[in-house]
Amino acid sequence: MKLKRINRGLVLGAVLIVAVVIYVVYQTVSFSKYDSDVESAIKDYLDAMCTANIESSNSTSNEKFVELVNKYWESGGSENAFDYNTFTKATTLKTLNYDLENVNGSYESVNYEITDMNISRYGQGCAKVTLSYTVSCIYYGNPLYFDGDYWTLYEFSYDDDYPNENDKYSLQIDYMEDTFILKLSDGEWKIINSQPSGWSAGEPHLIEEGSENE
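Residues numbered from 1 in each chain as written. Predicted model: local features only at pLDDT ≥ 70, side-chain atom pairs only at ≥ 80, totals over all residues. Heavy atoms only, no water.

Student: Break down helix α3 (residues 63-72) for me, citing the residues and quoting the values.
Tutor: Residues three or four positions apart in an α-helix share a direction because the helix packs 3.6 residues into each turn. Every buried residue of α3 is listed here: Phe65, Leu68, Val69 and Tyr72. One face of α3 carries all of its buried residues, which in axial projection span an arc of 95 degrees. The inward-facing, buried residues of α3 abut α2 (35-55), α4 (89-95), β3 (144-146), β4 (150-152) and β6 (188-195). (Buried < 20%, exposed > 50% of the residue type's maximum accessible area, 1.4 Å probe, protein only. Helix = DSSP H or I, 4+ residues; strand = E, 2+ residues; numbered from the N terminus. Arc of directions from axis to C-beta. Contact = heavy atoms within 4.5 Å.)

Student: Which residues make up a negative patch on the surface, and what are the values?
Tutor: A cluster of acidic residues, Asp159, Asp160, Asp161 and Glu203, forms a negative patch on the protein surface. Mapped onto the fold, Asp160 is located in the loop between β4 and β5 (168-185). Under the relative-accessibility criterion, Asp160 is labelled exposed at 69%. (Patch = residues over 30% accessible without salt bridge, like charges linked within 9 Å, V, L, I, M, F, W, Y side chains within 5 Å. Areas by Shrake-Rupley, 256 points an atom, 1.4 Å probe, with all protein chains shown as cover. Salt bridge = Lys/Arg side-chain N within 4 Å of Asp/Glu carboxyl O. Lys, Arg positive; Asp, Glu negative; His and termini not counted. Charge placed at Lys NZ, Arg CZ, Asp CG, Glu CD.)

Student: Go over the environment of Asn53, please, and point to the residues and values.
Tutor: As for its placement among the helices and strands, Asn53 is situated in helix α2. Between the C-alpha atom of Asn53 and that of Phe65, which follows or precedes it by 12 residues, the distance is 7.8 Å. Sequence-distant contacts of Asn53, defined by excluding residues within four places in its chain, comprise Phe65, Tyr107, Val110, Leu144, Tyr145 and Phe146.

Student: Describe in detail the pattern of salt bridges, supporting the description with residues and values.
Tutor: Across all of its chains, the model carries 4 salt bridges by this definition. Glu55 is paired through a salt bridge with Lys64; the nearest N and O atoms lie 3.8 Å apart. Looking at Glu55, the relative accessible area reads 45%, which means it is partly exposed. On the basis of relative accessible area, Lys64 is assigned to the partly exposed category, the value being 29%. Linking Lys190 and Glu188 is a salt bridge whose minimum nitrogen-to-oxygen distance equals 3.8 Å.

Student: Provide a residue-level description of the side chain of Ser185, including the pertinent values.
Tutor: Following the sequence through the fold, Ser185 ends up in strand β5. Among the polar contacts made by the side chain of Ser185, one reaches the side chain of Glu74 at a distance of 2.8 Å. (Polar contact = N/O pair within 3.5 Å; in protein donor to acceptor, adjacent residues only side chain to side chain.)

Student: Give a description of the nonpolar core that names residues and reports values.
Tutor: Tyr45, Tyr145 and Leu182 are the most contacted members of the largest nonpolar core, which has 43 residues in total. Secondary structure elements with two or more residues in this core: α2, α3, β1 (104-121), β2 (126-142), β3, β4, β5 and β6. It is α2 that contributes the most residues to this core, 9 residues altogether. The residues touching Tyr45, leaving out its near neighbours within four places in the chain, are Leu68, Tyr72, Trp73, Phe146, Phe180 and Ile191. (Core = buried A, V, L, I, M, F, W, Y, C linked by side-chain atoms within 4.5 Å.)

Right, dumping it as C-alpha cells:
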C-alpha cells in the first residue's frame, strides 16, 4: 500500500512537471507572434532618436527629446525593475532638465546599426528586449546628444578643451546589452523601463579643422 502511494506521488509529480513545461512552451510560442512588432517598435525608437539628435543641431533646447520620450515611452514602469540604473518615463524626462555647458554644435549625420537583439516575454502583456547596437555620428563642435541619457558629445572626449564649433568630427559609440521593457498598450508597444548596461567609444576623430571665424 505504501509503495502504491509513493508511485502515485511520483506520477502526479511527473504530470505536474510536464504540465508546467507544456504551459511555458505554449506561452513562449504564443508570444513569439509579437516578436516582429516589438522589433519594429525598437527600431522606430532608434530611428526617431537619431532624427531627434539631428534636429537638435545648433540648439540648446531639449524640446525634440521631450517629444521623442512622450511619443515612444509610457508611464507605469517600475523604478525597481532592475537591480541598478533603472529608467522610467518620469526619470528619463527628468534627465532632460539637466543644464549642459558649452553646447555649440550640429550634426551632419547620426545613424545606428543593431548588432544583436533578443526578445522574450516579460510578465503579462510585456516584452523584454536585450539590445546591442552602434551609433555613428558626423558632427561639428559640441552638439546635444540623447541616447536615453542626456549629455553632449564632448563627454566622449579625453580633451580638456571644448571643441571649436566649426571643427568636424566622427565618433562611433558601441552600446552593449542595453535592456528595454515594453508594454502592449492600445495595440502599440511602448517603452516603460530601460537599463543602459554600458558603452565604449574611441576618441572623436577630427575630420576637418574649421576656422573660429567661419
